[in-house]
Amino acid sequence: METIGSMGSFEWNSRDGKFYFSTLAASRLDLPPNRRVGMEEFLDKVAEHDRTAVSGAFLLDCSVNKEEINLTFETAENRRLIKLTAVPVIYREGYVSGIKGIMEDITEQVKIERERDMLFLLSRDGIAILDMDTYFKDVNGAYEAMTGYGRDELLKMSCLELTHKDDIPATVAMMKTLVETGYCDRFEKRCIRKDGTYINVQMNLILLPNGTIMITTRDISDIMEYQQKLRRNEQNLRQLFEVSPIPMCLTDGKGKPILLNKMFTDIFGYDIHDLNTSSAWWKLAFPNEQYRIISRERWKKYTVKIAAGETPQPIQATVTCKSGAKREIVFLYSVMEDVGIIAFYDITDRVAAENRLQEYISIVDDNVLILRTGNKAEILTVSNAFCRLSGYTREELIGKPAMILNHEDFLESVQPVIMETIYSGKPWSGEIKKVNKNGEEFWVQSVIQPVFENGIRMGFVSVSTDITDKKRIEVLSVTDKLTGIYNRIRLDEVLSTEYVRFKRHGLVYSLIMFDIDFFKKVNDTYGHLVGDEVLKSLAQLIKTSIRESDVFGRWGGEEFLIVCCGTDADGAYNLASKLRRKVELFEFPSVDRLTCSFGVAQIDAAGTDDMVKRADDALYRAKQGGRNRVEK
């Protein structure tokens, strides 16, 4: 048994109640490696408060109810947290013969999550977690204080129940945008408190990878009240301010921006939250420190002259917008009571330019496997998450054919189907087997979509999910531990699938059943360890002598089965004859030469069970006929 990445594997045999742990799994539990361990000894390594749950999962949930195990327990000695995932091994008769699974040490992961939870609890902003139906899943203390509701009350409510009725349509529309883009910044609405009053809040929302929504909420009622007061006292000025075709800004007595008009935000890209201090504008609009110092000194001299009643020459400067674009601006300044008014005249020759959207925000780039290619499947862009999984840097991947990441098995079988689908303008989805920089295999579930601009295909985009662990568990559940080939569970699945194809499309297939002649003598003479080596050598010999489309597995003991897909009885007979000769000439370790007897049968309307019986009968005739024979 081997480890899987950072996860150790294990199996439990229901007949003798013994565990066998990989070296890594044994080290997680502080058990000696390469030794079978009883349930009691295993449970001794589990913290006492978790033993009942662990034993119940193995002995009842999985062994009796045939359910998958997913649990976390604490070890007894070093207090590590272990995540355990396992599946029952079910034989054809329906009984559970054992359990196979993997174990992962998640102590550090949990520690990080607890630290994150602490930040969640201590945040001065209200934080809430919602499900996709807008119902609360968790809130912090600041959110409780803000709304007046207790946590238990909130967990029974939807956030729409706290929303002012006039703001519900905008909130629903915002949620749709959130689902489409993954985030929404500075959304404002009125929140109804438990006592019936409402407050103005500003919310930042983000769609988390686990399908929940995180909301950070801040009470901006004081700001809103100030703005409302300003509007009431200076209504005429405000109307002029808002509709002005000139970018304008109001500042307080210390030069801090307190209000911007729409044209200011449209031209420069900054909003009032970006300019929350008097120095923020200078740092953002004048990123070059030397140029910022010169411009600010000129501005100070200019405003001093204005305050003294003079009429100085307006200031001209190069301003950096939030987008990074440069604009030549003339500044005009005046004072009304204690409020400063700045008008910005854009004297830059207006040039039409396309708005560039930021393709990936950091959370998507770090968590979603995204690959963009041109029409010739050359890689154009790739996400950090994909680089991390593949082991390549962006520089190593960009410009390379996307196919270099695909496993050779995939290139031969599935790649042509994908290319035909996406080049016809249709999306393709499915599982892809890939190879990382170190030559290690990994699996992804992908959707590959053609990208069009003005009706012209410009390339393709692939969005994927890492399913490597899922595939590894699948392999463990259908692999014979000793020989490394398929076990009877997998063979039964293949026989069932092929029979459906035969019934639906008439696609014939055949069976080759064989075993080792006088294998008992090998065990009796040389011992079971030598017998095991013989079985492993035979499995490798046959596996390398058949087609990739043929399915080869261990049927039981020294008996093996080959499902010859798309092959009639004559073809299977010829293959069995070749295999018989190969076995006869092969030198097995320790025992030199051995032979095998073969039985062949072809599927017909009588079904799979009848075909297996006929192959078994043929094998029996081969034994009765002197062994080292093929019968059908």
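Residues numbered from 1 in each chain as written. Predicted model: local features only at pLDDT ≥ 70, side-chain atom pairs only at ≥ 80, totals over all residues. Heavy atoms only, no water.

Student: Sorry, what's going on with the overall build of the protein here?
Tutor: Across its full length, the protein holds 23 helices and 26 strands. Taking 2.2 N^0.38 as the reference for a compact globule, 632 residues should give roughly 26 Å; the C-alpha atoms of the protein span a radius of gyration of 35 Å, well beyond that estimate. If one aligns the C-alpha atoms of the protein with their principal axes, the spans along those axes are about 120 × 60 × 45 Å. Relative to its full complement of 632 residues, the protein shows a buried share of 44%. By sequence separation, contacts in the protein at least 24 residues apart represent 46% of the contacts at least 6 residues apart. Here the protein holds 84 positive side-chain charges and 94 negative ones, and the gap between their average locations is 2 Å. (Helix = DSSP H or I, 4+ residues; strand = E, 2+ residues; numbered from the N terminus. Rg over C-alpha atoms; globule rule 2.2 N^0.38 Å. Buried < 20%, exposed > 50% of the residue type's maximum accessible area, 1.4 Å probe, protein only. Contact = heavy atoms within 4.5 Å. Lys, Arg positive; Asp, Glu negative; His and termini not counted. Charge placed at Lys NZ, Arg CZ, Asp CG, Glu CD.)

Student: Please explain the sheet that holds strand 18 (residues 379-382) as it appears in this structure.
Tutor: Pairing between the strands of a sheet comes from backbone hydrogen bonds, and it takes one of two forms, parallel or antiparallel. Across the sheet, which stays open at both edges, the 5 strands sit in the order 18-17-21-20-19 with antiparallel pairing between neighbours. One side of each edge strand has no neighbouring strand; the edge strands of this open sheet are strand 18 and strand 19 (428-435). Here the average twist between neighbouring strands, direction ignored, is 30°. The pairing of strand 19 with strand 20 (residues 441-453) spans 8 bridges and is classified as antiparallel. Residue pairing in the sheet places Lys 434 in a bridge with Phe 442 of strand 20. This element, helix 17 (residues 415-423), spans strand 19, strand 20 and strand 21 (456-466) of the sheet and lies at about 140° to strand 19. (Pairing = 2+ DSSP bridges. Axes fitted to C-alpha atoms, helices over the stretch in contact; angles between N-to-C directions.)

Student: Sorry, what's going on with the sheet that holds strand 15 (residues 326-336) here?
Tutor: Pairing is antiparallel across the open sheet formed by 5 strands, whose spatial order is 13-12-16-15-14. Whereas interior strands pair on both sides, the edge strands pair on one side only; in this sheet they are strand 13 (257-260) and strand 14 (315-320). Mean inter-strand twist for the sheet, computed between neighbouring axes without regard to direction, equals 35°.

Student: How should the nonpolar core be read in this particular structure?
Tutor: Soluble globular proteins tend to pack their nonpolar side chains together in the buried interior. Within the largest apolar cluster, 30 residues are counted, with the highest numbers of intra-cluster contacts made by Ile 512, Phe 514, Val 534, Leu 538, Ile 542, Phe 552 and Ile 562. Those elements that provide at least two residues to this core are strand 22 (509-516), helix 20 (519-526), helix 21 (528-543), strand 24 (559-565), helix 22 (569-585) and strand 25 (596-602). Ranked by residue count, the leading element in this core is helix 21, at 7 residues. Not counting the four nearest positions on each side in its chain, Ile 542 is found in contact with Phe 514, Phe 552, Ile 562, Leu 579 and Val 583. Counting residues in hydrophobic clusters, the runner-up holds 25 residues, among them Trp 12, Val 37, Leu 43 and Val 46. (Core = buried A, V, L, I, M, F, W, Y, C linked by side-chain atoms within 4.5 Å.)

Student: Where do I start with a nonpolar patch on the surface in this structure?
Tutor: A cluster of nonpolar side chains, Met 118, Leu 121 and Leu 122, forms an exposed patch at the surface whose accessible area comes to about 320 Å². Of note, Leu 122 is situated in helix 4 (residues 107-122). (Patch = residues over 30% accessible without salt bridge, like charges linked within 9 Å, V, L, I, M, F, W, Y side chains within 5 Å. Areas by Shrake-Rupley, 256 points an atom, 1.4 Å probe, with all protein chains shown as cover. Salt bridge = Lys/Arg side-chain N within 4 Å of Asp/Glu carboxyl O.)

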